[in-house]
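Observations on the model geometry
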Amino acid sequence: MEPSTINSSKTEDHHNKILSHHDNPPPPTMQLQRSKGGLVTMPFIIANEALERVATFGVLPNMTFYLMKEYSMGVTNAQNLLFYWSSATNFLPLIGALIADSYLGRFLTIGFGSIFSLLGTIVLWLTAMIPKARPPPCDLLVSSQACKSATTAQYTILISSFMLMSIGAGGIRPCSLAFGANQFDKRDNNNNNNNMKRVLETYFNWYYAAVMISVLIAMTGIVYLQDHMGWKIGFGVPVIIMFFSAFLFFLATPLYIKQNVINNLLGRFVQVIAVAYKNRKLSYPEQNSGYHYNKGSEFIVPTSKLRFLNKACIIKSPEDVKQDGVAVDSWSLCTVEQVEELKALVRVMPLWSTGIMISINLSQSSFPLLQAKSMDRHITKRVEIPAASFGVFTVIALTVWLIVYDRVILPLGSRIRGKSFRIGTKERMGIGIFFSCMAMLLSGIIEHIRRRKSINQGLLNNPEGIVAMSAMWLVPQHCLNGIAEAFNAIGQIEFYYSELPKSMSSIATAMFGLGTAVANLLASVILSNVDSITKREGKESWVSSNINRGHYENYYWLLAIMTCLNLVYFIVCSWAYGPCVESWSKKMDEKDGEMELENVS
């Protein structure tokens, strides 16, 4: 699961700043504008993303089986393809956010994203409906002969469905939350800032609840349809769901508040780098007055860290600045604020890179799926959990931990200490890496026991056979993954928000998704190398399509070792980074006797 995003506090700050009161009666055009937005638009916006997630998450859990059985792919090729798909799905929201903020606006970006997602689910459904759209039937798991691989045209159709859904997610996911918050951006005499905060808090709660429920429905209901009614219905239902997602969003078009686009923050970074290089031979000014800064900015002079970037804001001559304080050419002179924004981003990058390894661990979907498929999944004689639904335990563990942390641990810690208590963002990130390491270690132990039992029961050459071992043994590793994600993912997002300037809220939101995208590409590299190295000299690959002949436990333990090394790397990066903004704020508040800590999670 992608933890989606925790950006309520920053969005609230943005909207509270633009709220104002007017004593004079508004003109007719303003009265028309005030009739738009508000709570009436929330069901349409929330339903759009919730249904989109049901449709796209619903086709993902069982996709490994679909690729292996219908496209005759080995487990390595199937998992690599899913890695690429997940990488694109996590990277494109960054592009979507930049397009929305710089060109199209959020309404059109969500609209186009909904259309692309609908087209993607339709194309995937057609691969199941049209026999010629995929290779002749041949189950790679049970066939003793080589299966005929898909043609270039068949692969193109399949991959185009993935790309269309990724493009759709890139348009919907980065914009929905902010677009919903825009609907409360009404200059109304009857609304004050406190009321607006309460309304926004309610909206965010409903939004995250809807996203969480949609993931659970996808991993249970849609998976059940695919297991019991086949691919045609299992892929057809997401098409219907995605149609209603787009239909409901466009249905409320006359009710939406559509804000204009804003400047591209990425372009501001490029300007700093270009101007700093252009001015690389300039000497640093001896007085602070030699730097260009915006009036009212908190940055008057640049900091000494990453000093070479300071040359981007050096005023070479008085003619470089207009009388109103604006640079004549933004590609020749930047502001101190621009420089400090880029510095803040560069400083967090080492700690950002430590989150890649945990995302690699969380992206391992095919192997737990094959493990569950080969084990006894019955709860009772008649009730059986689908193999692709075991990921639900990750979601449940994440949700339960967040509730326990917010409602039990924080109040209890505050009561014991006699003052407000919370675990710092960097500490939570480190704890998450530790739990992820434990999850991979336990996964290898359980797989070692499962494989030994399968061999003892004569199932070495029968990957379709069911081992006399309950699949509930897999639940602890899923729970550890959920706890690791709750600590590390949310800790990361809070860290970016607290350390980056307020003007970089959109970048803070996108950084976690970008890390997940990079992690999926690296996961593919790791898997491919493990497969090619371990099957040399005619040996069976660790990640063989036959789970009983392979050694998945060794692969898990390799990931555990890499995660342990990543934990050491995190400790070094955390030490080099120094104290966080939240740590300095905490010290100042304690000195004044008033400690106000915001509980973002």
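This one's a predicted model, so the numbers in the text were calculated from it and none came from an experiment. (Residues numbered from 1 in each chain as written. Predicted model: local features only at pLDDT ≥ 70, side-chain atom pairs only at ≥ 80, totals over all residues. Heavy atoms only, no water.)

1. Considering the overall build of the chain
Along its length, the chain carries 18 helices and 2 strands. For the chain, the residues scored as buried account for 52% of the 601 residues in total. Counted over contacts in the chain with a minimum sequence separation of 6, partners at least 24 positions apart contribute 82%. Working note: accessible area of the chain is about 27900 Å², and carbon and sulfur atoms make up 63% of it. (Helix = DSSP H or I, 4+ residues; strand = E, 2+ residues; numbered from the N terminus. Buried < 20%, exposed > 50% of the residue type's maximum accessible area, 1.4 Å probe, protein only. Contact = heavy atoms within 4.5 Å. Areas by Shrake-Rupley, 256 points an atom, 1.4 Å probe, with all protein chains shown as cover.)

2. Comments concerning the UniProt feature "transmembrane region" (unreviewed entry) in the chain
In this numbering, the UniProt entry assigns the feature "transmembrane region" (unreviewed entry) to residues 82–100, 107–130, 206–225, 237–257, 383–404, 429–446, 507–527 and 555–578. Between the end C-alpha atoms of residues 107–130 the distance is 35 Å, and the span holds 96% helix and 0% strand. Within residues 429–446, the helical portion is 100% and the strand portion 0%, while the C-alpha atoms at the span's ends are 26 Å from each other. (UniProt positions renumbered as here; feature names shortened; annotations may be inferred.)

3. So, the packing of aromatic side chains
Summed over all chains, the structure comprises 23 aromatic pairs. On the basis of an interplanar angle of 40° and a centroid distance of 6.3 Å, the ring pair of Phe-107 and Phe-179 is categorised as tilted. Of the two residues, Phe-107 is situated in helix 6 (residues 106–129) and Phe-179 in helix 8 (residues 176–182); the sequence distance between them amounts to 72 residues. An aromatic cluster is defined as three or more aromatic residues linked by ring pairs; in this entry it consists of Phe-107, Phe-179, Phe-249, Phe-250 and Tyr-256. Across from the ring centre of Phe-65, 5.4 Å away, lies the NZ or CZ of Lys-69, which sits over that ring. In this arrangement the basic side chain of Lys-373 is found over the ring face of Phe-65, its NZ or CZ atom lying 5.3 Å from the centre. (Phe/Tyr/Trp six-rings, centres within 6.5 Å; stacked < 30°, edge-to-face > 60°. Lys NZ or Arg CZ within 6 Å of the ring centre and 35° of its normal.)

4. Focus: unusual backbone geometry
You will see that Ser-72, though not glycine, has its phi angle at about 55°, which is positive. Looking at where Ser-72 falls in the secondary structure, it is placed in the loop between helix 4 (63–70) and helix 5 (75–104). Given a relative accessible area of 14%, Ser-72 falls into the buried group. In this structure, Leu-306 takes a positive phi of about 50° despite not being glycine. You can see Leu-306 is positioned in the loop between helix 10 (265–278) and helix 11 (336–362). Overall, Leu-306 belongs to the partly exposed group, its relative accessible area being 27%.

5. Points about the nonpolar core
In this structure, Met-63, Leu-67 and Leu-124 are the most contacted members of the largest nonpolar core, which totals 93 residues. With 11 residues, helix 11 is the largest single contributor of residues to this core. Excluding residues that lie within four positions of it along the chain, Leu-124 makes contacts with Val-59, Met-63, Tyr-66, Leu-158, Ser-161, Phe-162, Met-165 and Phe-235. Counting 29 residues, the second-largest nonpolar core is a separate cluster that includes Ile-110, Phe-184, Ala-210 and Val-211. (Core = buried A, V, L, I, M, F, W, Y, C linked by side-chain atoms within 4.5 Å.)

6. A short note on the pairing of strand 2 (residues 467–470)
Residues of strand 2 alternate between two faces, with Val-467 and Met-469 buried on one and Ala-468 and Ser-470 left unburied on the opposite face. In this structure, strand 1 (residues 375–376) lies alongside strand 2, joined through 2 bridges in parallel fashion. When the bridges of strand 2 are listed, Asp-376 appears paired with Ser-470. (Pairing = 2+ DSSP bridges.)

7. Points about the packing of helix 11 against helix 15 (residues 475–499)
At a closest axis distance of 11 Å, the pairing of helix 11 and helix 15 adopts a crossing angle of 165°. The angle between helix 11 and helix 15 places the two elements in the roughly antiparallel class. Relative to helix 15, the crossing made by helix 11 is left-handed. For the pair helix 11 and helix 15, contact is made by Ala-344, Val-348, Leu-351, Trp-352, Gly-355, Ile-358 and Leu-362 and by Asn-481, Ala-484, Glu-485, Asn-488, Gln-492, Phe-495, Tyr-496 and Glu-499, respectively. (Axes fitted to C-alpha atoms, helices over the stretch in contact; angles between N-to-C directions. Parallel < 35°, antiparallel > 145°, perpendicular 65-115°, else oblique. Left-handed = near helix turned anticlockwise from the far one by under 90°.)

8. Let's talk about the packing of helix 3 (residues 42–59) against helix 7 (residues 152–172)
As a packed pair, helix 3 and helix 7 sit with axes 11 Å apart at the nearest point and diverge in direction by 150°. The pairing of helix 3 with helix 7 is recorded here as roughly antiparallel in orientation. Note that helix 3 runs across helix 7; the crossing there is left-handed. Facing helix 3, whose interface residues are Asn-48, Glu-49, Glu-52, Thr-56 and Val-59, helix 7 presents Met-165, Ala-169 and Ile-172. Among the residues making up the contact of helix 3 with helix 7, the classes are represented as 4 nonpolar, 2 polar and 2 charged. (Nonpolar A, V, L, I, M, F, W, Y, C, P; charged D, E, K, R; others polar.)

9. Observations concerning the pattern of salt bridges
Considering all chains together, one arrives at 11 salt bridges under this definition. A salt bridge links Glu-52 to Arg-173, with the nearest nitrogen and oxygen atoms 3.3 Å apart. Highlighted residues: Glu-52 in helix 3 and Arg-173 in the loop between helix 7 and helix 8, separated in sequence by 121 residues. In this structure, Glu-52 and Arg-173 share a single accessibility class: buried. (Salt bridge = Lys/Arg side-chain N within 4 Å of Asp/Glu carboxyl O.)

10. Focus: the state of the cysteines
By definition, a disulfide is the covalent link that joins the sulfur atoms of two cysteine residues. Tallying each qualifying case throughout the model produces 0 disulfides. You can see Cys-564 has no disulfide; the closest cysteine sulfur is in Cys-437, sitting 5.1 Å from it. (Disulfide = S-S within 2.5 Å.)

11. Comments concerning the confidence of the model for the chain
Detail in the predicted coordinates should be disregarded across regions flagged by low pLDDT. Of the residues in the chain, 84% have a pLDDT of 70 or more, and the chain-wide mean is 81. Here helix 1 (residues 8–17) stands out as the element of the chain with the lowest mean pLDDT, 38, in contrast to helix 17 (residues 552–577), whose mean of 95 is the highest. Between residues 583–601, whose pLDDT stays under 50, and residues either more than four places distant or in other chains, the model counts 22 contacts. (pLDDT = per-residue confidence, 0-100.)

12. Let's talk about the side chain of His-292
Relative to the elements of secondary structure, His-292 occurs in the loop between helix 10 and helix 11. Among the residues examined, His-292 registers a relative accessible area of 3% and is labelled buried.

13. Thoughts on helix 12 (residues 366–373)
Residues that lie three or four places apart on an α-helix share one face, since the helix turns once every 3.6 residues. Most of helix 12 sits inside the fold, with 7 of its 8 residues counted as buried. Along helix 12, the positions that sit buried rather than exposed are Ser-366, Phe-367, Pro-368, Leu-369, Leu-370, Gln-371 and Ala-372.

14. Considerations on the environment of Ile-115
Along the chain, the position of Ile-115 falls in helix 6. Classification of Ile-115 as partly exposed rests on a relative accessible area of 38%.

15. Examining helix 3
Compared with the 26 Å implied by 1.5 Å per residue over 18 residues, the 26 Å span of helix 3 between its first and last C-alpha is a close match. Most of helix 3 sits inside the fold, with 16 of its 18 residues counted as buried. (Expected span 1.5 Å × (residues − 1).)

16. Here's the deal with the side chain of Gln-183
Along the chain, the position of Gln-183 falls in the loop between helix 8 and helix 9 (193–251). A relative accessible area of 0% means that Gln-183 is categorised as buried. Setting aside anything within four residues of it in sequence, one finds Gln-183 in contact with Gly-37, Gly-38, Thr-41, Met-42, Ile-45, Leu-255, Tyr-256 and Ile-257.

17. Looking at the environment of Thr-156
As for its placement among the helices and strands, Thr-156 is situated in helix 7. Thr-156 sits in the partly exposed class, given a relative accessible area of 47%. When the C-alpha atoms of Thr-156 and Ala-133 are compared, they prove to be 9.8 Å apart, with 23 residues separating the residues in sequence.

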